[in-house]
Amino acid sequence: ELYREQYRRYLEREFRQGRAGSCSDPSVVSGLRQRLGQEPALLGALLEDAPVLLIHGLRGRPDPGPALRALAGAFQLLELAAVNLYLFPWRREFGTVQTFSGAYVHLLRPALPEEDLVRSFGLLGYQRRDRHRLVISRPPPGPELAAVACGFFACRLECEILAEMVLRLRPRRLRAEELLEARRLAGDTGACLKRLQRLGTQRQADCGDGVDLYREIPASPEDTGGEDAAPPALWGDPGSPWGTGMGWDCCGDGDVGQEPVTPTGSPDPDTSSCLFPGAELGGASGRLPAGSSSPQVPGEAQDSPQDTPELPCYQLHSCLRWGTLPTYCCTTCQQLHAGACAAGQLCRSRHRGQELRSERQQRLWLQRTEVDMLLADGSGPWA
């Protein structure tokens, strides 16, 4: 309660001075950060969902460092949304969150599963109106909004604490699961670091020098240190669902083509509000018509039908509702799964598959699978 009160007083002091935003006061930051470092259980006391959000945000990430930085940014945006509602409850632009806005698509959705985002915004009084909008239905009282903002602030600090531990243990690459488990069991950050160092020493001693240089593909996910093995490529880039290193953004670098998809029939951007003032609505990105072929590399000879391997037909698991991007591709079941899917977790432990880490990779697999499903049932307009 002490830290919530300090946080609320900081917001009101900044507001009287004509400033508003996520917390940046050095005394508030250092005080709560030091306490979190000593008592990690405080995080759950400040925000009940915080431990689950961290677990879901780091699940399936081979390197928790970049994921923690992305999570810290996402929690800062959620904190800002709560602060906006607390300080400016009368402003209409804060009443609607567009789920295709740039901030939502590029900063929130890559860091947390869609279900967690909807639940987090629900703490602020937002409810899903349709596929494109979250709308304030019943705003919580001011003190409750300030408390939730403080909880997201604490989540941001916890991500920074964990990211620092990851850096201090370099060059060893930590798994997210062992990092969170050590943090939960060890208590303060010093004991957590010692626990992780002992774990790394023990694992190195167990492994010895018995490295198999001659096995192309690991026999199981455990052989890759807990990461799922990518399926062997039919040709070209193994990360591409179309079996070639080129996607639809083949004329640029890897960042091109990651614009958010603006849904057809979405509200007029000039009359609808964004998540935050000044946040741009994402532009539309093209979708490959179902039934069309994958791009052909210029100058490359066409393979004869008998030489071209047949691509497997993939399906979307029932966990993938509209607007949710897949995070895992099971090449045994030939299904795509969302991050929080229980069946996907079972596939990770028993089957072969690959994590879909970048948004571009997730969208390419989603579009390829939609094409597969349309062709399979013959109901698509291009079938």
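Everything numeric here is computed off the predicted structure, so don't read it as measured data. (Residues numbered from 1 in each chain as written. Predicted model: local features only at pLDDT ≥ 70, side-chain atom pairs only at ≥ 80, totals over all residues. Heavy atoms only, no water.)

## A short note on the packing of helix H4 (residues 50-58) against helix H5 (residues 64-87)
Thought 1: Interhelical geometry of H4 versus H5 gives an angle of 135 degrees and a closest axis separation of 10 Å. As the angle between them shows, H4 and H5 are arranged oblique. Classified by chirality, the crossing of H5 by H4 is right-handed. Side by side, H4 and H5 meet where Leu53, Leu54, Gly57 and Leu58 of the first sit next to Pro64, Ala67, Leu68, Leu71 and Phe75 of the second. (Axes fitted to C-alpha atoms, helices over the stretch in contact; angles between N-to-C directions. Helix = DSSP H or I, 4+ residues; strand = E, 2+ residues; numbered from the N terminus. Parallel < 35°, antiparallel > 145°, perpendicular 65-115°, else oblique. Left-handed = near helix turned anticlockwise from the far one by under 90°. Contact = heavy atoms within 4.5 Å.)

## Observations regarding the pairing of strand E2 (residues 126-130)
Thought 1: Of the strand pairs in this sheet, E2 and strand E3 (residues 133-136) are connected by 4 bridges, and their pairing is antiparallel. Each residue of the ladder has a partner; that of Arg128, found in E3, is Leu134.
Thought 2: With antiparallel pairing between neighbouring strands as the criterion, E2 and E3 make up a hairpin whose turn holds 2 residues. (Pairing = 2+ DSSP bridges.)

## Looking at the packing of helix H2 (residues 26-38) against helix H8 (residues 142-168)
Thought 1: Packing of H2 against H8 brings their axes to within 10 Å, and their N-to-C directions diverge by 65 degrees. The way H2 lies across H8 gives a crossing that is right-handed. Two secondary-structure elements touch here, H2 through Val28, Val29, Leu32, Arg33, Leu36 and Gly37 and H8 through Phe153, Ala154, Leu157, Glu158, Glu160, Ile161 and Glu164.
Thought 2: Residue classes in the contact of H2 with H8 are distributed as 8 nonpolar, 1 polar and 4 charged. (Nonpolar A, V, L, I, M, F, W, Y, C, P; charged D, E, K, R; others polar.)

## Considerations on the pattern of salt bridges
Thought 1: Enumeration according to the criterion identifies 19 salt bridges in this entry.
Thought 2: Note that Arg156 and Glu79 form a salt bridge whose closest N and O atoms lie 3.0 Å from each other. Of the two residues, Arg156 sits in helix H8 while Glu79 sits in helix H5, which places them 77 residues apart along the sequence.
Thought 3: The salt bridge involving Arg128 is made with Glu114; its shortest N-O contact spans 3.2 Å. Of this pair, Arg128 sits in strand E2 while Glu114 is found in helix H7 (residues 114-122), placing the two residues 14 residues apart along the sequence.
Thought 4: Note on Arg128: relative accessible area 38%, which makes it partly exposed.
Thought 5: A residue is classified by how much of its surface remains accessible, and Glu114, at 7% relative accessible area, is buried.
Thought 6: Here the salt bridges share partners, and the residues they tie into one network are Glu5, Arg8, Arg9 and Glu12. (Salt bridge = Lys/Arg side-chain N within 4 Å of Asp/Glu carboxyl O. Buried < 20%, exposed > 50% of the residue type's maximum accessible area, 1.4 Å probe, protein only.)

## Brief notes about the confidence of the model for the protein chain
Thought 1: When pLDDT is averaged along the protein chain, the result is 74, and 68% of the positions lie at 70 or above.
Thought 2: Across residues 205-238, where pLDDT falls below 50, the model places 47 contacts with residues more than four positions away in sequence or in other chains.
Thought 3: Confidence over residues 379-383 falls short of pLDDT 50; this stretch has 6 contacts with residues more than four positions distant or in other chains. (pLDDT = per-residue confidence, 0-100.)

## A word on H4
Thought 1: Where H4 is concerned, the buried positions are Ala50, Leu53, Leu54, His56, Gly57 and Leu58.
Thought 2: Looking at the buried residues of H4, the elements they touch are helix H3 (42-46), H5, H7, H8 and helix H9 (176-186).
Thought 3: Positioned one or two residues after H4, Gly60 has a phi angle of 75 degrees, which is positive.

## Considerations on the sheet that holds E2
Thought 1: The strand order E1-E3-E2 describes an open sheet built from 3 strands, whose pairing is antiparallel. The open sheet is flanked by strand E1 (96-98) and E2, the only strands paired with a single partner. Adjacent strand axes in the sheet meet at a mean angle of 30 degrees when their direction is disregarded.
Thought 2: Sheet contacts for H7: E1, E2 and E3; angle to E2, the most-contacted strand, approximately 125 degrees.

## Some thoughts on the packing of aromatic side chains
Thought 1: Throughout the structure, instances matching the rule amount to 7 aromatic pairs.
Thought 2: Where Phe88 meets Phe94, the ring centres are 6.3 Å apart and the plane angle is 40 degrees; that geometry is what we call tilted. For the residue pair Phe88 and Phe94, the accessibility class agrees, reading buried in each case.
Thought 3: Centroid distance Tyr314 to Trp365: 5.1 Å. Interplanar angle 75 degrees. Geometry classified as edge-to-face. Of the two residues, Tyr314 sits in the loop between helix H10 (189-207) and strand E4 (315-316) while Trp365 sits in helix H12 (residues 359-377), which places them 51 residues apart along the sequence.
Thought 4: Judged by relative accessible area, Tyr314 falls into the buried class, the value being 4%.
Thought 5: Through pairs of rings, three or more aromatic residues link up here, namely Phe15, Phe88, Trp90 and Phe94.
Thought 6: The ring centre of Phe88 lies 5.2 Å from the NZ or CZ of Arg91, which sits over that ring. (Phe/Tyr/Trp six-rings, centres within 6.5 Å; stacked < 30°, edge-to-face > 60°. Lys NZ or Arg CZ within 6 Å of the ring centre and 35° of its normal.)

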